[in-house]
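Overview (structure and organization)
This is what each chain is made of:
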Amino acid sequence: TDDEDVDIFQIYTIRLQDENKKKLQARLTKKGIFSKVYFNPIYLTSFYKNNFHTSHLPITEKISKQILVLPIYPNMINNEKEKLKTLFPNFLINV
C-alpha cells in the first residue's frame, strides 16, 4: 500500500434480529456505550419520497432494522474497550 493510505476505523456494524438489537442497544446505553442506527433506507426519506419514484424494497427495510453501529476508534481508552469486550460474550450467551 501507499504510505499515504491510512484506514480510519470509526464504527463497527453488527446485524442482529430485531428483538435482540433492541435488548443490546438498551444494555449498551445502560453501560454508557453509544450505539446508533445509521443505515435507514434513503428512499424512505421525505426528500426521496417527494422527488423520486421509489420502489418498495422489503429486504433492504428488514436488514436496516437489524443493523446496529458500535463505536470503534483509534483513541478509545482501555476502559471503553474492556466494556465492549466483556459485554458481548455475556449478551450473546443469554440471547
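Presented here is a report on the structure given in the accompanying data block.

Definitions and cut-offs
Residues numbered from 1 in each chain as written. Predicted model: local features only at pLDDT ≥ 70, side-chain atom pairs only at ≥ 80, totals over all residues. Heavy atoms only, no water. Patch = residues over 30% accessible without salt bridge, like charges linked within 9 Å, V, L, I, M, F, W, Y side chains within 5 Å. Areas by Shrake-Rupley, 256 points an atom, 1.4 Å probe, with all protein chains shown as cover. Salt bridge = Lys/Arg side-chain N within 4 Å of Asp/Glu carboxyl O. Helix = DSSP H or I, 4+ residues; strand = E, 2+ residues; numbered from the N terminus. Buried < 20%, exposed > 50% of the residue type's maximum accessible area, 1.4 Å probe, protein only. Expected span 1.5 Å × (residues − 1). Arc of directions from axis to C-beta. Phe/Tyr/Trp six-rings, centres within 6.5 Å; stacked < 30°, edge-to-face > 60°. Pairing = 2+ DSSP bridges. Core = buried A, V, L, I, M, F, W, Y, C linked by side-chain atoms within 4.5 Å. Contact = heavy atoms within 4.5 Å.

Remarks on a nonpolar patch on the surface
- The grouping of I11, F34, Y38 and F39 at the surface amounts to a nonpolar patch, some 390 Å² of accessible area in total.
- On the secondary structure map, Y38 appears in the loop between α1 (18-30) and α2 (46-51).
- Y38 sits in the partly exposed class, given a relative accessible area of 42%.

Describing α1
- End to end, α1 covers 19 Å across 13 residues, agreeing with the expected 18 Å (1.5 Å per residue, within 8%).
- Looking at α1, one finds that the buried residues are N20, K21, L24 and L28. In an axial view of α1, the angular spread of the buried residues amounts to 100 degrees, which keeps them on one side of the axis. Projecting away from the buried face of α1 at angles above 90 degrees are the exposed residues K22, K23, T29 and K30.

Remarks on the environment of P74
- By the secondary structure assignment, P74 is in the loop between β2 (67-71) and α4 (78-93).
- Here P74 falls in the exposed class, since its relative accessible area comes to 70%.
- The spatial distance from the C-alpha of P74 to the C-alpha of F9 is 7.1 Å, given a sequence separation of 65 residues.

Brief notes about the packing of aromatic side chains
- Taken as a whole and assessed by the stated rule, the structure comprises 3 aromatic pairs.
- Look at F47 and Y48: their rings are 5.5 Å apart centre to centre, the planes differ by 80 degrees, and that puts the pair in the edge-to-face class.
- We classify F47 as partly exposed; its relative accessible area is 47%.
- With a centroid separation of 5.9 Å and 65 degrees between ring planes, the pair formed by F47 and F52 is classed as edge-to-face.
- Three or more aromatic residues joined by ring pairs make a cluster, and in this case those are F47, Y48 and F52.

Quick word on the pairing of β2
- For β2, the tally of buried residues reaches 5 of 5 residues, placing the bulk of the element in the interior.
- Alternating residues of β2 divide into I67, V69 and P71 and L68 and L70, and every residue in both groups is buried.
- Where strand β1 (residues 11-15) and β2 come together, 5 bridges link them in antiparallel fashion. Looking at β2, one finds that R15 is bridged to I67.

Structural notes on the nonpolar core
- With 11 residues, the main nonpolar core is built from I14, L16, L24, L28, I33, L68, L70, M76, L84, L87 and F88.
- At the level of elements, α1, β2 and α4 are the ones that each hand at least two residues to this core.
- Ranked by residues supplied to this core, first place goes to α4 with 3 residues.
- Once you skip the residues sitting within four places of it in the chain, L28 turns out to touch I33, S35, L68, L70, L84 and L87.

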